[in-house]
Amino acid sequence: MTGSESMTGLSGCLLLAAINFHTLLFYLFATLACGFAVGVVLADNVVRMALYLVLSLGATAGLFFLAGAEFVGAMQLMIYVGGTLVLLVFGVMLTAQAPFVSLQTSSGDRALAGIVAASLLALLLQAAVSVEVWRRPGLGEVAPPAATPIGTALVGLRVDEPPPASPSGVRSGYLLPFEIVSVHLLVVLVGAAYLARAKRRKTPRAIEVAASAGSVELAVEPRRRTGGATSALTAGGAR
Amino acid sequence: MSCVGVNNVGLIAMSGLVAATGDGVSVAHYLVVGAILFTAGIVCMAVKRNALGVLMGIELVLNGANVNFVAFASPYLRGQGAASLGIDGQVIALFVILLAAAEAAVALAITLSFYNNHATVDVDRADDLKG
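Residues numbered from 1 in each chain as written. Chains lettered and ligands numbered in written order. Predicted model: local features only at pLDDT ≥ 70, side-chain atom pairs only at ≥ 80, totals over all residues.

Some details on the overall build of chain A
Link 1 in the chain: Counting secondary structure elements, chain A contains ten helices and zero strands.
Link 2 in the chain: Along chain A, from the amino end to the carboxyl end, the secondary structure elements read α-α-α-α-α-α-α-α-α-α.
Link 3 in the chain: The 239 residues of chain A split such that 23% are buried.
Link 4 in the chain: When contacts within chain A are restricted to residue pairs at least 6 apart in sequence, those whose partners lie at least 24 apart make up 44%. (Helix = DSSP H or I, 4+ residues; strand = E, 2+ residues; numbered from the N terminus. Buried ≥ 20, exposed ≤ 12 C-beta atoms within 10 Å, placed from the backbone. Contact = placed C-beta atoms within 7 Å.)

Focus on the overall build of chain B
Link 1 in the chain: Helix and strand counts for chain B come out as four helices and zero strands.
Link 2 in the chain: Shown N-terminal to C-terminal, the secondary structure of chain B runs as helices and strands in the order α-α-α-α.
Link 3 in the chain: The 131 residues of chain B split such that 51% are buried.
Link 4 in the chain: Counting contacts in chain B only where the partners sit at least 6 residues apart, residues at least 24 apart contribute 52% of the total.

A few points about the interface of chain B and chain A
Interfaces are often described in size by the accessible area the parts lose on coming together.
Link 1 in the chain: Listed as interface residues are 85 residues of chain B and, on the opposing side, 92 residues of chain A.
Link 2 in the chain: Those elements giving two or more residues to the side of chain B that touches chain A turn out to be α1 (2-20), α2 (27-47), α3 (51-73) and α4 (87-118) of chain B.
Link 3 in the chain: Classifying every residue of the side of chain B that touches chain A gives 54 nonpolar, 25 polar and six charged. (Nonpolar A, V, L, I, M, F, W, Y, C, P; charged D, E, K, R; others polar.)

What to know about the confidence of the model for chain A
Link 1 in the chain: The share of residues in chain A with pLDDT of 70 or more is 70%, and the mean pLDDT across the chain is 77.
Link 2 in the chain: Considering only residues more than four positions removed or in separate chains, one finds that residues 215-239 of chain A, a stretch of pLDDT under 50, has 22 contacts. (pLDDT = per-residue confidence, 0-100.)

Brief notes about the domain arrangement of chain A
All names here are of chain A.
Link 1 in the chain: Segmentation of chain A into domains returns domain 1 (7-96), domain 2 (142-161 + 171-197) and domain 3 (200-239).
Link 2 in the chain: At the junction of the two partners, domain 1 supplies four residues and domain 2 supplies five residues.
Link 3 in the chain: Along the lines of polarity and charge, the residues of the side of domain 1 that touches domain 2 split into two nonpolar, one polar and one charged. (Domains from an automatic or database assignment.)

Description of the nonpolar core
Link 1 in the chain: Ranked by size, the top nonpolar core spans 81 residues in total, and within it Ala33, Val40 and Leu63 of chain A together with Leu37 and Val70 of chain B carry the most contacts.
Link 2 in the chain: Elements represented by at least two residues in this core include exactly α2 (21-42), α3 (46-66), α4 (70-94), α5 (107-130) and α6 (147-154) of chain A together with α2, α3 and α4 of chain B.
Link 3 in the chain: Counting residues domain by domain, this core receives three or more from each of domain 1 (7-96) and domain 2 (142-161 + 171-197) of chain A.
Link 4 in the chain: Those residues within four positions of Ala33 of chain A in sequence are excluded, and the remaining contacts are Ser56, Ala59, Thr60 and Leu63 of chain A together with Val33 and Leu37 of chain B. (Core = buried A, V, L, I, M, F, W, Y, C linked by C-beta atoms within 7 Å.)

Some words on the environment of Ala50 of chain A
Residue and element names in this part refer to chain A.
Link 1 in the chain: Position of Ala50 among the secondary structure elements: in helix α3.
Link 2 in the chain: Measuring from C-alpha to C-alpha, the distance between Ala50 and Val89 comes to 6.9 Å, with 39 residues separating the pair along the chain.
Link 3 in the chain: Aside from chain neighbours lying at most four places away, what touches Ala50 is Leu85, Leu88, Val89 and Val92.

What to know about the environment of Leu108 of chain B
Link 1 in the chain: Residue position: Leu108 of chain B is located in helix α4.
Link 2 in the chain: We classify Leu108 of chain B as buried; it has 24 C-beta atoms within 10 Å.

Some details on unusual backbone geometry
All names here are of chain B.
Link 1 in the chain: Unusually for a residue other than glycine, Ala119 sits at a positive phi of about 60°.
Link 2 in the chain: Of note, Ala119 is situated in the segment after α4.
Link 3 in the chain: Note on Ala119: 22 C-beta atoms within 10 Å, which makes it buried.

With respect to the packing of α3 of chain A against α4 of chain A
Residues and elements named next belong to chain A.
Link 1 in the chain: Running from amino to carboxyl end, α3 crosses α4 at an angle of 175°, the nearest separation of the two axes being 8 Å. The angle between α3 and α4 places the two elements in the roughly antiparallel class. In this structure, α3 contributes Val46, Val47, Ala50, Leu53, Val54, Leu57, Gly58, Thr60, Ala61, Phe64 and Phe65 to the contact, and α4 contributes Glu70, Val72, Gly73, Gln76, Leu77, Tyr80, Val81, Leu85, Leu88, Val89 and Val92.
Link 2 in the chain: A class-by-class count of the residues in the contact of α3 with α4 yields 17 nonpolar, four polar and one charged. (Axes fitted to C-alpha atoms, helices over the stretch in contact; angles between N-to-C directions. Parallel < 35°, antiparallel > 145°, perpendicular 65-115°, else oblique.)

Overview of the packing of α3 of chain A against α3 of chain B
Link 1 in the chain: For the pair α3 of chain A and α3 of chain B, interaxial distance at closest approach is 11 Å and the crossing angle is 10°. With respect to α3 of chain B, the element α3 of chain A is oriented roughly parallel. Residues Val46, Met49, Leu53, Leu57, Thr60, Leu63 and Phe64 of chain A of α3 of chain A form the contact with α3 of chain B, whose own contacting residues are Leu52, Gly53, Met56, Glu59, Asn63, Val67 and Val70 of chain B.
Link 2 in the chain: Here the contact of α3 of chain A with α3 of chain B is composed, by residue class, of ten nonpolar, three polar and one charged.

Quick look at the confidence of the model for chain B
All names here are of chain B.
Link 1 in the chain: Looking at chain B as a whole, the pLDDT averages 84, with 85% of positions reaching at least 70.
Link 2 in the chain: Of all the helices and strands in chain B, α1 carries the lowest mean pLDDT, 64, while α2 carries the highest, 93.
Link 3 in the chain: Note on the complex model: pTM 0.79, ipTM 0.85.

Things to note about α2 of chain B
Link 1 in the chain: The end-to-end C-alpha separation of α2 of chain B is 30 Å, in line with the 30 Å expected for 21 residues at 1.5 Å each.
Link 2 in the chain: The element α2 of chain B is largely enclosed, with a buried count of 18 among its 21 residues. (Expected span 1.5 Å × (residues − 1).)

Side note on α4 of chain B
Link 1 in the chain: Counted at 1.5 Å a residue, the expected span for α4 of chain B with its 32 residues is 46 Å, and the 46 Å between its end C-alpha atoms agrees.
Link 2 in the chain: Residue Ala119 of chain B follows α4 of chain B closely and has a positive phi angle near 60°.

Focus on the environment of Met56 of chain B
Link 1 in the chain: By the element assignment, Met56 of chain B lies in helix α3.
Link 2 in the chain: Along the primary structure Met56 of chain B and Ser26 of chain B are separated by 30 residues, whereas in three dimensions their C-alpha atoms are 28 Å apart.

This is the structure we're talking about:
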C-alpha cells in the first residue's frame, strides 16, 4: 500500500466521521416524504396513489423518529400505514371501476391548481422561515423516551415536568380529551359499520341493474350509465 | 491509479456531504416539509375527481399538520432560547392520528354507500342535492 492511498483512506475515515448523519437522514426522509406526496397529486391511477401515500406516510414516520418523537412515529406506522391504508386499499378494491377507468382532471383545472398551489406554498414557506428563532439549529438535547410521560399524561398524571409554582399548582393531564376521543372513536366505528352495511332492497341497486343490463348499453352510453340510473331502474323493474 | 482516482472522487463527495450537513436541522426545516405536504394535500383534495383521491388529500393535510406539531414539540430540534411545546405537541399529534383514522373510516363508508347507489366514485356526479 502506497503512502498516498493510506492518506486517502485516513482522510476518508475522518470525513466520514464528520458527516452529520442526523441531517443527512433528515434530508433523505424529507425528500422521500415530499416527493411521494407530490406523486400522490400527479398520479392518476388510484392504486398507485395509495402506494405513494403509504411511502410518504412511512417517510414521515422516519422524520418523527429523527425529531425524537419515537412513540408518535411508531403510532404513525401502526395506525396510518397499518390501519388507514389497509382501509383505503379495501376501499379502492371495493369500488373498482370497470376496466380501469381513470378519472382525468381537465388541463384547465390542473393549471389553476398549479397556480393556487404555488401561491399557497410561497405563503407557507415565507411564514416558515420568517421567524428567526425557528431557524436556529437545534441544540441536539436528547430527551428520555417519551412513551411513559405520554402514557401517564393520557390518564391525567404529568410526570414530564415539575408542577408550576402558581397558586393552583395543578397541571392537568389529558384524561378528559382521551375519554372524548375514545368514545368518539367507538361512535364513529359503529356509525361506519351502519353506513357500510349490506342493505336489502326491494328494488335492485343501480350497480346491479347496470351489470344485468348487459354490456351493449354500457358500450353505447358509458358516460350516461349512471346518469340514467332511474330509467335503468324502471327498465330493470319491468324486466 | 484509477483506484486512487475513485477514492478522490469519493473524498470530494464526502466533503460535499460534510459541508451540506454541517449545520444541524432546525424547526424551520420541518416546517418546510410540513408546508409541502400540506400544499400537496390541498391540491389533491381540490383536483382529484375520485372520492378516494380526495380522502388521500385529507390524510396528507393532517400529516403535514402533524409534522409541525412534532417539530415544535421536539427537544432535539429546539434552538438556543426557543420555546418548546414539550410533550403536549406529541399528545396532540397522537390525537390527530386517531381522529384521522376515525375520519377515514366514516368517509370510506360514505364512499361505499355512494358507490352502491351511483355505481361510480366520481365526486362530480354527487349532485343529487343540488338545488
